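Examination of the molecular architecture
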Amino acid sequence: MSSSGNPSSSGGGGGPCGACKFLRRKCVAGCIFAPYFDFEQGAAHFAAVHKVFGASNVSKLLLHIPEHKRPDAVVSICFEAQARLRDPIYGCVSHIVSLQQQVVSLQTELSYLQAHLATLELPQPMAPVSSSGSLQALSITDLPTISPSLYDLSSFFEPVMSSTWAMQQQPRPSDHVFGVPSSSSIIGGGGEIQALAPEFIHGGQMPAQPSLGTSGSASTVIKRE
Amino acid sequence: MNPKRCAACKYLRRRCPKDCIFAPYFPPNDPAKFACIHRIYGAGNVSKMLQQLPDQTRAEAVESLCFEAKCRVDDPVYGCVGIIHLLQTQIQNAQNELAKTQAEVAVAQTKLSQTQNSDF
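About the criteria used
- Residues numbered from 1 in each chain as written.
- Chains lettered and ligands numbered in written order.
- Predicted model: local features only at pLDDT ≥ 70, side-chain atom pairs only at ≥ 80, totals over all residues.
- Heavy atoms only, no water.
- UniProt positions renumbered as here; feature names shortened; annotations may be inferred.
- Buried < 20%, exposed > 50% of the residue type's maximum accessible area, 1.4 Å probe, protein only.
- Helix = DSSP H or I, 4+ residues; strand = E, 2+ residues; numbered from the N terminus.
- Phe/Tyr/Trp six-rings, centres within 6.5 Å; stacked < 30°, edge-to-face > 60°.

If you check an unreviewed UniProt entry, chain B appears there as LOB domain-containing protein 24 from Camelina sativa. Quoted straight from UniProt, the Sequence similarities (unreviewed entry) entry for chain B says "Belongs to the LOB domain-containing protein family."

Within an unreviewed UniProt entry, the label attached to chain A reads LOB domain-containing protein 30-like, and the organism entered is Camelina sativa. Recorded in UniProt for chain A, the comment headed Sequence similarities (unreviewed entry) runs: "Belongs to the LOB domain-containing protein family."

Here it is as C-alpha cells:
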C-alpha cells in the first residue's frame, strides 16, 4: 500500500489506482483514493476497507481530513478493517483490552516493587535476608491476584485519569480526551504511523478475545469473564 | 409509524420488521448509538457483518463496532489505532521503569546485605 501521500498513482494518468481497480471503475484525475492505494497491492488493501467500511464512507471520512493527515488515516483504517476481518466479533478491541491488561499488570508490579524499594531504603534495622535471596521471595507470584471484572473503556473518552501514573510521564493533550489523542501530541506527524504501518498491517498479534458485555450506551464497558 | 421501531429503523425511517437484525442491539431509547455506527460503517455493512455471525456473538460484535465507531468519530485520523499506540507507549514506559526499579532494588538489597554482614 502506497501510504506516502505522493500522488504516484494518481488517477487518469498511468492506469487506475488500487481502489478503482477493485471497484472496476474509471479512475478519474483527483481520485481521492489514488495516492494511498497503488495499482498492485492497493487493491487487496482496499478490498478489506471496502468490505468493512464501504468505499463511500471512507471517501467521506477522507474528505473531512486535512490532506497531510490522510496517509495516517488510511493506514489506521486499513488496520481496523483487517483486524475486523480477522476477528469479526471484536476487531481490534480485543487487542486494546489485552494491552490495557498489560498496562494494569505492569503498573501493579511496579507499585509493588517501588513499595519494596522504599522499605529497603528506610534507615531501620531490617529482618535478616534469607540465604536464597529475597528478590526471589518477592516474585511475581506473590503479587495480589489481579482480577478486575470490568475494564471501563469509557475512560478513554473521559479527561485524563490522575491515577494513571504512566500518563503523568507524558505530555497531556490539553484539549483532547484521554485515549483519543491528537495526532500532533501522541503520534508525531506522519513518520511514526508510517513506521508502525508494517507492524499493524502485516500481522500484528491478536491475542485471545475477552468476553464483551452488552451495554446500551456508546461508553462501552468491557467485561472480562 | 410503529412506535416500537428500533433505533436503526427510526434513523433509517423505515418499518421495523419483527425479525429486524438491528432491533435486539439498538433500542429506541439510544438513537446516538446507531447514528454513530451508521456514520462510520453504514447500515448495510453492519447488517452484512451481523448476518455472518452466530446469534450469540452479535451483541458483543455490536459493542465492539460501536466502540470503534466512536473512536473514529472522536479521532477521524487515527481512531482506535491512536489508543493502541498510546497503550503500547505506556507499556514500554512501564517496562523501562520496571527494569530500572528492579535494578534499584537489587542495589539496595546488596547494600543492605553488606551492612548487615559488617554488623555481624
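1. A closer look at helix H2 (residues 42-52) of chain A
Restricting attention to buried positions, one finds in H2(A) the residues Gly42(A), Ala43(A), His45(A), Phe46(A), Ala48(A), Val49(A) and Val52(A). Positive phi appears at Gly54(A), one or two residues downstream of H2(A), with a value of about 95°.

2. What about the packing of aromatic side chains?
Residues and elements named next belong to chain A. Evaluation of the coordinates by the stated rule reveals nine aromatic pairs over all chains. For the pair Phe-22 and Phe-46, a centre-to-centre distance of 6.0 Å together with 65° between the ring planes defines the contact as edge-to-face. With Phe-22 in helix H1 (residues 18-23) and Phe-46 in helix H2, this pair connects stretches of sequence that are 24 residues apart. According to the relative accessible area criterion, Phe-46 is buried, its value standing at 0%.

3. As for the UniProt feature "coiled-coil region" (unreviewed entry) in chain B
Here, the residues flagged by UniProt with the feature "coiled-coil region" (unreviewed entry) are residues 84-118 of chain B. Along residues 84-118 of chain B the backbone is 100% helical and 0% strand, and the end-to-end C-alpha distance reaches 51 Å.

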